[in-house]
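As a plain string of letters, each chain reads:
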Amino acid sequence: MSSGVVVGYDGSDSAKAALLVAVDVARAHGDELVIAFAYELNPVAGELHDYHAAVKELAEKRLAEALSVVSADDGLEVEAIPVARAPAEALVALADERDARLIVVGTQGESPIRSALLGSTPHKLLHISDRPVLVVPPPGPR
Amino acid sequence: MESATLAKPTGRIEVEDKGLKKNAITFVSNVVIGVASTAPAYSLAATLGFVAAVNGLGVHSPAVMLVAFFPMAFIAAAYYWMNRADPDCGTTFAWVTRSMGPWLGWQGGWAIVVADVLVMPSLASVAGNYTFQLFGNSTPSNLDVTIVGIAWIIIMTAICYIGIELSARTQQFLLGMEFVTLVIFAVVALIKVYVNHPKHSIQPQASWFNPFGVSSLSALDGGILLAVFVYWGWDSGVSVNEETENSSTAPGRAAIVSTFVLVAIYLLVTTAAEAYGGIASLVNNQNDVLAPLGKGVLGSPLDKLLIIAVLTSASASTQTTILPTARTTLSMARWRALPKQFGTVHPRFLSPGFSTLWMGTVSTLVYVLLSATSPKNLIPDAFTSLALTIAFYYGFTGLACIVYYRRHLFTSVKNFVYIGLMPFIGFAVLMFVLVKAVVDYSKPHAGYAKPFLGIGSPVAIALLMIILGVIWMIVQRISMPAFFKRRPEVVDPGIVAASPAGRAE
């Protein structure tokens, strides 16, 4: 029986929106909420240790922000995890590990050009996930 | 995995990263990263002409490529051991600081920055030139090349800033293309030399590879100093291999394989280029030796392949120029050796944002400065002085390894050879080359440009950069004194015990 909701969070507006939706879903099912900040560092051209540490500090800061938003909701079990791996793969792996009900991400407000160049996480996620994926747009007029 | 409970009762952050990424990088990727980090096509295009032009070197360019490999391989051993003890992206900065104190360490970090800044004008002008070659204009004006070159720097900086990462597969594809093109070029050139005997061609001889055949020591020395550049960047491949693999044997093997692949391609292409065009062709086209040869060897339109190979190589080599510089300054900022802006990570792109933009801006300014004053002379001279800087920081990385591990050098023969002797030979050779080069290049007419205060232009450029570094270091000493009170340390004995050489006892 699936339980748990995995949400990708990077501090962007759409990620904040995704977080709120994920909270709703988790609360509705009485699931655990897993907030993940996933990042991948380019291994080319040198050692990564300090750079990795700097990015992880940022990840922890963002996750602490996310927790401060979420933990206003009492009774919800929440876990926040930084993951050093390409975001889409990281979320899928985490969801598998937790046997999550679904994965929630923001649209990340990606511009079409950036998405084309980099590939967008939601797009990749839809391709590689065999669990339901919920993509949440940022608030505001469209 | 430890979990820290935050003040909020319902939430917790896991402190350690999830170790989800196991064996994500394969053996082939490791080799590819190692080879790609040196950008072989660009390195050859930019260096070969200068090597061939060294007075008294004659036909012995391949011998120089061969000889230069050894000190670099020995320094790579130092990288391997230092990285094992302290996988820090400040590399030379962090390691020299740890082993020999903050003052020398700071200068080591500065040397990395200077080397990367000084290579950018050459990189940009090669990229600019080859862009025009690609579209059939073989004699672009200096202004045009400069404008396109600046565009390249901006694009490259932007790529590093927004963190576009070529996937391992894309990299394998690009490198494969580059590699196949170089091999085709070399093989076709050699076949034509033996079959068609084109004008100026000379048949390769065994003596080309014999370093003892070089007429004078200063010729060999000058050649090696330049050839050091073609192997520059390979060390980062070695360290990355170490970091990304969990197995204790595969990473070393990947590093060794990438080394031999590199030496082989350099020897092959150097020999072929020299055989096909003769020395004169290399000397007369110093800024881009491959494009003019490509026309004769491959003919139109296949010669475009070679141009594309150099262009992709030049753009790939930004990853070995901008990325490590940004990581070095980021590391220095985290050690409180530079202002803290250098340590910031872009909130969205997760790149070392400020460091990357700083590097791009400084490179552009230096390029414009050199190009506006004397592009034909100062860019090659900056390139020569860059080799001085590389020799300095590679050499001191070797020394740092010996000093850091000094209590363990005599505990086993393996330790002595791999941690002591090899880095020491690397250090000694590079220091010899450096000192000799400083003596030679400081002569008033050593550079292409006019001497500055009676000092040859390449050494004058290096001196100027050292003075700038010392000034900045003093400013840092006054504004952020804590870093400069660090004491040198030695390696944690546990790391030595856990290493293969330590275990071999």
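Residues numbered from 1 in each chain as written. Chains lettered and ligands numbered in written order. Predicted model: local features only at pLDDT ≥ 70, side-chain atom pairs only at ≥ 80, totals over all residues.

## Focus: the overall build of chain A
Assigned secondary structure in chain A consists of five helices and five strands. Out of the 142 residues belonging to chain A, those deemed buried represent 51%. Long-range contacts, defined as pairs at least 24 residues apart, comprise 75% of the intrachain contacts of chain A with a sequence gap of at least 6. (Helix = DSSP H or I, 4+ residues; strand = E, 2+ residues; numbered from the N terminus. Buried ≥ 20, exposed ≤ 12 C-beta atoms within 10 Å, placed from the backbone. Contact = placed C-beta atoms within 7 Å.)

## Comments concerning the overall build of chain B
A tally of helices and strands in chain B yields 19 helices and two strands. Evaluated residue by residue, chain B yields a buried proportion of 54% over its 505 residues. Pairs at least 24 residues apart make up 78% of the contacts formed inside chain B by residues separated by at least 6 positions.

## Observations concerning the environment of threonine 139 of chain B
Mapped onto the secondary structure, threonine 139 of chain B falls in the loop between α5 (102–134) and α6 (142–161). Once the C-alpha coordinates of threonine 139 of chain B and asparagine 129 of chain B are considered, the two residues, 10 residues apart in sequence, prove to be 8.5 Å apart.

## Here's the deal with unusual backbone geometry
Its identity as a non-glycine residue notwithstanding, aspartate 99 of chain A has a phi of 50°, on the positive side. Positionally, aspartate 99 of chain A belongs in the loop between α3 (87–98) and β4 (102–106). On the neighbour-count criterion, aspartate 99 of chain A (11 C-beta atoms within 10 Å) is exposed. A positive phi angle is found at arginine 336 of chain B, which is not glycine, with a value near 65°. Summarising the element assignment, arginine 336 of chain B is placed in the loop between α13 (322–334) and α14 (353–373). You can call arginine 336 of chain B partly exposed: it has 17 C-beta atoms within 10 Å.

## Examining the nonpolar core
Ranked by internal contacts, the top residues of the largest apolar core, which has 201 residues, are Ile35, Ala36 and Leu91 of chain A together with Val228, Val310 and Ala391 of chain B. Setting aside residues up to four positions removed in sequence, valine 228 of chain B forms contacts with Ala68, Met72, Ala387, Ile390 and Ala391 of chain B. (Core = buried A, V, L, I, M, F, W, Y, C linked by C-beta atoms within 7 Å.)

## Side note on helix α5 (residues 121–128) of chain A
All names here are of chain A. Where α5 is concerned, the buried positions are Thr121, Pro122 and Leu125. Projected onto a plane normal to the axis of α5, the buried residues spread over an arc of 95° and lie on a single side. Packed against the buried residues of α5 are β1 (5–8), α3, β4 and β5 (133–136). (Arc of directions from axis to C-beta.)

## Considering the pairing of strand β2 (residues 33–39) of chain A
Residue and element names in this part refer to chain A. Most of β2 sits out of view: seven of its seven residues are buried. Covered by surrounding structure in β2 are Leu33, Ile35, Phe37 and Tyr39 together with Val34, Ala36 and Ala38, the residues of both alternating faces. In terms of strand pairing, β1 meets β2 through four bridges, oriented parallel. Looking at β2, one finds that valine 7 is bridged to isoleucine 35. For the handedness criterion, the β-α-β arrangement of β1, helix α1 (residues 13–29) and β2 is classed as right-handed. Note that β2 and strand β3 (residues 78–84) share seven bridges and pair parallel. When the bridges of β3 are listed, phenylalanine 37 appears paired with proline 82. (Pairing = 2+ DSSP bridges. Right-handed = clockwise from strand over helix to strand, strands pointing away.)

## Quick look at the environment of aspartate 96 of chain A
Residue and element names in this part refer to chain A. Structurally, aspartate 96 can be placed in helix α3. Look at aspartate 96 and you get partly exposed, because 13 C-beta atoms sit within 10 Å. As a C-alpha pair, aspartate 96 and alanine 36 span 60 residues in sequence and 13 Å in three-dimensional space.

## Focus on helix α2 (residues 40–53) of chain B
Residue and element names in this part refer to chain B. In a regular helix each residue adds 1.5 Å, so 14 residues correspond to 20 Å; α2 covers 20 Å between its end C-alpha atoms and thus fits that length. The largest bend in α2 comes to about 35°, at threonine 47. Counting buried residues along α2, 13 of its 14 residues qualify, which places the element largely inside the surrounding structure. (Expected span 1.5 Å × (residues − 1). Bend = angle between axes of the 7 residues up to and from the residue.)

## So, the packing of α14 of chain B against helix α15 (residues 375–404) of chain B
All names here are of chain B. Remark: α14 packs on α15, axes separated minimally by 6 Å, with the N-to-C direction vectors making an angle of 135°. Judged on the interaxial angle alone, α15 and α14 are oblique. The interaxial crossing formed by α14 with α15 has right-handed handedness. Contacts between α14 and α15 involve Leu370, Ser371 and Thr373 on the former and, on the latter, Pro375, Leu378, Ile379 and Ala382. (Axes fitted to C-alpha atoms, helices over the stretch in contact; angles between N-to-C directions. Parallel < 35°, antiparallel > 145°, perpendicular 65-115°, else oblique. Left-handed = near helix turned anticlockwise from the far one by under 90°.)

## A look at the confidence of the model for chain B
Residues and elements named next belong to chain B. Of the residues in chain B, 85% reach a pLDDT of 70 or more, and the chain-wide mean stands at 78. Taken element by element, the predicted model of chain B shows its lowest mean pLDDT in strand β1 (residues 3–5) (38) and its highest in α14 (90). The model gives residues 1–10 a pLDDT under 50, and that stretch makes 24 contacts with residues more than four places away or in other chains. Predicted as a complex, the structure gets a pTM of 0.81 and an ipTM equal to 0.78. (pLDDT = per-residue confidence, 0-100.)

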